[in-house]
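# Descriptive structure summary
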Amino acid sequence: MTEQTKTSESAVGDVVLEAVSISRDYYLGRGRSGPVLSAVRDVSLSLYRRGVVAIVGESGSGKSTVARMLAGQETLTSGEVRLDGKVVHLKHRRAFRAYKREVQMVFQDPFASLNSVHTVRHHLERPIKIHRGIQGKQAIEEEMYRLLTLVSMTPPELFLPKYPHELSGGQRQRVAIARAIAASPRVLLADEPISMLDVSIRLDILRLLSDLRETLELAMLYITHDIASARYVADEILVMYAGEIVERGPAEEVTQSPAHPYTQLLVSSAPNPDALGSSLKTGTKIVPGQAGSALSSIVGCRFSPRCPFADEQCRTTRPPIVPTNDGRLVACWHLEQAAPSSVALTTKPRTTRAKKVLEKPD
Ligand code: ADP
Ligand code: MG
């Protein structure tokens with residue numbers, strides 16, 4: 001996909017779903033006496049009609065927990081989720097079902113998310129009946145054809161009787177996507193939808209999601225550990241580290257001149273930082289280093305153990321959120337050192353230094 005297929009073509013619409021300072025703690029010991037993992041802390045984001053927001057971060061950074069909270073599958077320790085500006089309460093089954101009609105998820109592993117004993121027909125029939133209330137054999141059949149055509153599984157009659165094991169990984173993910181859009185949702189939460197697929201078909205599935213966003217006017221959350229694919233598909237990128245957002249802003253700015261040392265590491269670890277997007281064809285490199293600790297006992301910047309700019313202040317005090325001169329927000333005490341051009345007029349080479357030091361974590 002090129003720049004033209006991003007939302008620059010058509011204006012992004014209204015806010016549909018919002019997370020307002022959502023957090024999720026997990027108690028690791030017995031009862032509430034043990035250590036507390038703050039898996040997600042103070043994450044805020046807005047999903048707009050026809051817009052794509054990406055969350056990027058390595059494994060364990062809290063991405064899926066954010067998605068599950070937005071999907072109503074995980075309780076919030078604090079904060080709130082709003083749909084059309086109204087706070088979401090999902091205590092009752094009926095409310096949950098109504099919410100699911102609007103907010104659907106696509107998961108990483110299409111084989112696990114589909115039921116191996118059921119056909120494609122079964123997977124699509126259920127949401128059409130339950131969420132859409134479409135009755136009558138003919139009408140249901142037509143809707144299933146429409147959905148399979150939307151995800152480029154044609155001719156539909158060939159795929160409807162098939163079981164998941166009779167499909168390729170890419171086809172299974174297309175069925176999972178068709179099932180998600182069968183409810184006619186306004187929000188699609190895609191949690192690493194391409195990371196388990198063969199490298200050769202990742203781009204196709206990303207294109208499909210991007211096209212559906214456009215044609216169905218979906219508000220989309222795209223979760224990935226691959227910043228190249230985020231640049232490719234998203235309007236806005238949120239970079240998460242150990243449960244917190246460390247940098248956020250327009251996709252181009254975040255990927256072309258990363259400001260936070262962690263974003264710099266992600267970008268410099270991509271195969272070709274000057275042509276982000278190429279990793280979609282060649283596979284993604286794993287970011288070196290261990291996932292950051294999100295224990296609530298950590299008081300300072302959670303990235304400080306891996307950061308070349310860290311000093312005592314970083315280790316003891318949570319960093320401020322600093323706006324850059326090109327519209328980003330970065331949680332860092334030393335932005336003027338880490339990304340001088342973002343806060344001042346001077347420019348110094350930074351990515352090389354950050355890469356060198358960051359690739360050798362303690
Ligand atoms: P990601 O999707 O970025 O890989 P997750 O949101 O799955 O990260 O997990 C974030 C952190 O929360 C991880 O350290 C994970 O082990 C922890 N976690 C997730 N779910 C639970 C749970 N139910 N109980 C305890 N810890 C959990
Ligand atoms: Mg995950």
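Residues numbered from 1 in each chain as written. Chains lettered and ligands numbered in written order. Predicted model: local features only at pLDDT ≥ 70, side-chain atom pairs only at ≥ 80, totals over all residues. Heavy atoms only, no water.

## With respect to the overall build of the protein chain
For the protein chain, the helix and strand inventory stands at 16 helices and twelve strands. Summed over its atoms, the accessible surface of the protein chain is roughly 16,300 Å², and 52% of this surface lies on carbon and sulfur atoms. (Helix = DSSP H or I, 4+ residues; strand = E, 2+ residues; numbered from the N terminus. Areas by Shrake-Rupley, 256 points an atom, 1.4 Å probe, with all protein chains shown as cover.)

## Thoughts on the sheet that holds strand S3 (residues 52-56)
Taken together, the eight strands give an open sheet; going across it, the order is S6-S7-S8-S3-S9-S10-S12-S11, and neighbouring strands pair in mixed fashion. Lying at the two open borders of the sheet, with one neighbouring strand each, are strand S6 (103-106) and strand S11 (321-323). With strand direction ignored, the average angle separating the axes of adjacent strands in the sheet is 20°. Sheet topology places S3 next to strand S8 (residues 219-224); five bridges connect them, and they run parallel. (Pairing = 2+ DSSP bridges. Axes fitted to C-alpha atoms, helices over the stretch in contact; angles between N-to-C directions.)

## Some points on the site of ligand 1
Surrounding ligand 1, one finds Tyr 26, Leu 37, Ala 39, Glu 58, Ser 59, Gly 60, Ser 61, Gly 62, Lys 63, Ser 64, Thr 65 and Arg 68. With respect to ligand 1, the side chain of Thr 65 contributes an N or O atom lying 2.5 Å from an oxygen atom. Burial of ligand 1 by the protein amounts to 62% of the accessible area it has alone, namely 560 Å². Going through the elements one at a time, strand S2 (36-48) and helix H1 (63-70) are the ones with two or more residues in the shell around ligand 1. (Near = heavy atom within 4 Å. Polar contact = N/O pair within 3.5 Å; in protein donor to acceptor, adjacent residues only side chain to side chain.)

## Details of the side chain of Thr 119
Here Thr 119 is to be found in the loop between helix H3 (110-113) and helix H4 (120-132). For Thr 119, the residues in contact, after removing those within four places along its chain, are Leu 160, Pro 161, Lys 162 and Tyr 163. (Contact = heavy atoms within 4.5 Å.)

## Re the sheet that holds strand S1 (residues 15-27)
Think of a sheet as strands paired side by side through backbone hydrogen bonds, with each pair either parallel or antiparallel. Reading across from one edge, S2-S1-S4-S5 is the order of the four strands in this open sheet, with antiparallel pairing throughout. Each edge of the open sheet carries a strand with a single partner, namely S2 and strand S5 (86-87). In this structure, S1 lies alongside strand S4 (residues 78-83), joined through five bridges in antiparallel fashion. Across the sheet, residue Glu 18 finds its bridge partner in S4, namely Arg 82.

## Let's talk about a nonpolar patch on the surface
A cluster of nonpolar side chains, namely Val 12, Val 15 and Tyr 48, defines an oily patch on the protein surface of about 200 Å² accessible area. Of note, Val 12 is situated in the segment before S1. When its relative accessible area of 37% is taken as the criterion, Val 12 is described as partly exposed. (Patch = residues over 30% accessible without salt bridge, like charges linked within 9 Å, V, L, I, M, F, W, Y side chains within 5 Å. Salt bridge = Lys/Arg side-chain N within 4 Å of Asp/Glu carboxyl O. Buried < 20%, exposed > 50% of the residue type's maximum accessible area, 1.4 Å probe, protein only.)

## Quick word on the packing of helix H7 (residues 169-182) against helix H8 (residues 199-215)
For any two helices packed against each other, the geometry comes down to the angle between their axes and how far apart the axes lie. At a minimum axis separation of 10 Å, H7 and H8 run at an interaxial angle of 15°. The orientation of H7 with respect to H8, classified from their angle, is roughly parallel. Handedness of the crossing formed by H7 with H8: right-handed. Contacts between H7 and H8 pair Gly 169, Gly 170, Gln 173, Arg 174, Ile 177 and Ile 181 from the former with Ile 201, Asp 204, Ile 205, Leu 208, Leu 209 and Leu 212 from the latter. (Parallel < 35°, antiparallel > 145°, perpendicular 65-115°, else oblique. Left-handed = near helix turned anticlockwise from the far one by under 90°.)

## Here we look at the packing of H4 against H7
Contact geometry for H4 and H7: axes closest at 8 Å, N-to-C directions at 15°. Classified by the angle their axes make, H4 and H7 are roughly parallel. Where H4 crosses over H7, the two elements pack in a sense that is right-handed. Contacts between H4 and H7 involve Val 120, His 123, Leu 124, Pro 127, Ile 128 and Arg 132 from the former and Val 175, Ala 178, Arg 179 and Ala 182 from the latter.

## Here we look at the pattern of salt bridges
Here the structure, examined in full by the defined rule, presents 23 salt bridges. Between Arg 121 and Glu 141 there is a salt bridge whose closest N-O contact spans 2.9 Å. Remark: Glu 141 occurs in helix H5 (residues 137-150) and Arg 121 occurs in helix H4; sequence separation between them is 20 residues. Look at Arg 121 and you get partly exposed, because its relative accessible area is 28%. For Glu 141, a relative accessible area of 22% puts it in the partly exposed group.

## Some remarks on the nonpolar core
Grouped together as the largest cluster of nonpolar side chains are 62 residues, with contacts concentrated most on Leu 148, Val 151, Ile 177, Ile 237 and Tyr 262. A per-element tally of this core places H7 first, with seven residues. Apart from residues lying up to four places away in sequence, Val 151 is in contact with Arg 174, Ile 177, Ala 178, Ile 181 and Leu 208. Listed in part, the 28 residues of the second largest apolar core include Val 187, Leu 221, Leu 238 and Met 240. (Core = buried A, V, L, I, M, F, W, Y, C linked by side-chain atoms within 4.5 Å.)

## Some words on a positive patch on the surface
A grouping of Arg 93, Arg 97, Lys 100, Arg 101 and Arg 126 is seen on the molecular surface, where their side chains present a positively charged patch. Sort the elements by how many residues they give to the positive patch and helix H2 (residues 93-102) lands first, with four residues. Looking at where Arg 101 falls in the secondary structure, it is placed in helix H2. Judged by relative accessible area, which is 34%, Arg 101 ranks as partly exposed. (Lys, Arg positive; Asp, Glu negative; His and termini not counted. Charge placed at Lys NZ, Arg CZ, Asp CG, Glu CD.)

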